[in-house]
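Understanding the architecture of this molecule
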Amino acid sequence: MGYCRESYEHRLGILTAGLNIFLLSMALVFTVDHVVAFLVVWELMTLASFVLVNVEWERTDNRRAAYLYLTMTQVGTAFLMSALLIMASAAGSFEFAVLSKAELSNTMVGAVFILAFIGLATKAGLFPLHIWLPEAHPAAPSHVSALMSGVMIKSAVYGFSRVVLEFLPGLPAWCGGLVLLVAVVTCIIAALLALMETDVKKMLAYSSIENMGIIFLGLGAGMVFLAHNMSAA
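In this report, the structure presented in the accompanying data block is examined. (Residues numbered from 1 in each chain as written. Predicted model: local features only at pLDDT ≥ 70, side-chain atom pairs only at ≥ 80, totals over all residues. Heavy atoms only, no water.)

Things to note about the overall build of the protein
Within the protein, the regular secondary structure consists of eleven helices and zero strands. Against the globule reference of 17 Å for 233 residues, the protein gives a C-alpha radius of gyration of 18 Å, in line with a compact fold. With respect to the three principal axes, the spread of C-alpha positions in the protein is 55 × 40 × 30 Å. Out of the 233 residues belonging to the protein, those deemed buried represent 47%. Sequence separation of at least 24 residues holds for 75% of the intrachain contacts in the protein that already meet a minimum separation of 6. For the protein, the computed accessible surface area is about 10,700 Å², with 68% contributed by carbon and sulfur atoms. Of note, the protein has its 11 positive side-chain charges centred 2 Å away from the centre of its 14 negative side-chain charges. (Helix = DSSP H or I, 4+ residues; strand = E, 2+ residues; numbered from the N terminus. Rg over C-alpha atoms; globule rule 2.2 N^0.38 Å. Buried < 20%, exposed > 50% of the residue type's maximum accessible area, 1.4 Å probe, protein only. Contact = heavy atoms within 4.5 Å. Areas by Shrake-Rupley, 256 points an atom, 1.4 Å probe, with all protein chains shown as cover. Lys, Arg positive; Asp, Glu negative; His and termini not counted. Charge placed at Lys NZ, Arg CZ, Asp CG, Glu CD.)

So, in structure tokens, the structure goes:
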């Protein structure tokens, strides 16, 4: 509160309200079990964080970063929404518990996976969909940047895990290979950019991108192993 009052005293109400809505929406993302409810709170999380990134709207750099973030995440949401609605239509229900029963052809399974991966990779900041993250972090207040890196982008890991392990079980090996490729490129590029960066908050943003690449390395490897029946058991 001291940091907020000292730095943002004239807009403390907006910052406080936005932060609480942001926290609530992130909690709901991990707890709802309905496609429509998930998309609503996913969008609420995006809009709340957009307001927080743009809290100093009189600065041109902040406005540009905020609207870049909003544009990228809206595009990602459109891809994710398409994937979830296709599965819900095929399953005949919007309940998460029923999505795995969707009867999809092999072609449709691949298409739904690609749609979901693009949508969630945008939120995760994977290359080449990472461009919003180094811009939004310096613009946002420090505690908001920490929440975006520590919690919000990890919601993409949660969503992706549910898609590949629960909603679309038995994905072919090429899906895992694609995730591995994107993750490796993300790790390498983010590490190099972090080493060259002089702005601390941008450096931390690139570090977050690299960490997401490492997480998706594990997910991609797991998908390949499962496709070849190489389970832990």
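Thoughts on the pattern of salt bridges
Following the criterion strictly, the structure yields three salt bridges and no others. Linking Glu135 and Lys202 is a salt bridge whose minimum nitrogen-to-oxygen distance equals 3.9 Å. Of the two residues, Glu135 is situated in helix H7 (residues 133–139) and Lys202 in helix H11 (residues 200–227); the sequence distance between them amounts to 67 residues. Here Glu166 makes a salt bridge to Arg162, at a shortest N to O gap of 2.9 Å. Residue Glu166 and its partner Arg162 are located together in helix H9 (residues 154–167), separated by four residues, close to a single helical turn. If you follow the salt bridges from partner to partner, you end up with Arg64, Glu135 and Lys202 in one network. (Salt bridge = Lys/Arg side-chain N within 4 Å of Asp/Glu carboxyl O.)

A word on the environment of Met26
By secondary structure assignment, the location of Met26 is in helix H2 (residues 12–29). For the pair formed by Met26 and Met230, sequence separation is 204 residues and the distance between their alpha carbons is 34 Å. Once you skip the residues sitting within four places of it in the chain, Met26 turns out to touch Met45, Leu147, Val151 and Met152.

Here's the deal with the side chain of Ser155
By the secondary structure assignment, Ser155 is in helix H9. In this view, Ser155 contacts Val29, Phe30, Trp42, Met45 and Lys123; residues no more than four positions away in its chain are not counted.

A few points about unusual backbone geometry
Look at the link from Phe127 to Pro128: it is a cis peptide, with omega at 0 degrees. Mapped onto the secondary structure, Pro128 falls in the loop between helix H6 (106–124) and H7. Backbone geometry places Asn229, a non-glycine residue, at a positive phi of 55 degrees.

As for empty space enclosed by the protein
The gaps left among the atoms become clear once a water-sized probe is rolled over them. This structure, assessed with the given rule, holds three cavities of 30 Å³ or more. For the largest cavity, the calculated volume is near 60 Å³. Lining the largest cavity are Phe38, Leu80, Leu84, Phe96, Leu120, Tyr158, Gly159, Arg162, Val163 and Phe167. Going through the elements one at a time, helix H4 (60–91) and H9 are the ones with two or more residues in the lining of the largest cavity. Counting residues per element, the lining of the largest cavity draws most heavily on H9, at five residues. Residue composition of the lining of the largest cavity, by class: eight nonpolar, one polar and one charged. (1 Å grid on protein atoms, 1.4 Å probe; cavity = no way out; pocket = protein on both sides within 12 Å on 5 of 7 lines; lining within 4 Å. Points joined across faces, edges and corners; volume = space filled by probe spheres on them. Nonpolar A, V, L, I, M, F, W, Y, C, P; charged D, E, K, R; others polar.)

A closer look at the packing of helix H10 (residues 173–196) against H11
One way to put it is that H10 packs onto H11 with a least axis distance of 7 Å and a crossing angle of 160 degrees. Taken together, the axis directions place H10 and H11 in an arrangement best described as roughly antiparallel. In this structure, the crossing between H10 and H11 has a hand that is left-handed. Its residues assigned to classes, the contact of H10 with H11 shows 21 nonpolar, five polar and one charged. (Axes fitted to C-alpha atoms, helices over the stretch in contact; angles between N-to-C directions. Parallel < 35°, antiparallel > 145°, perpendicular 65-115°, else oblique. Left-handed = near helix turned anticlockwise from the far one by under 90°.)

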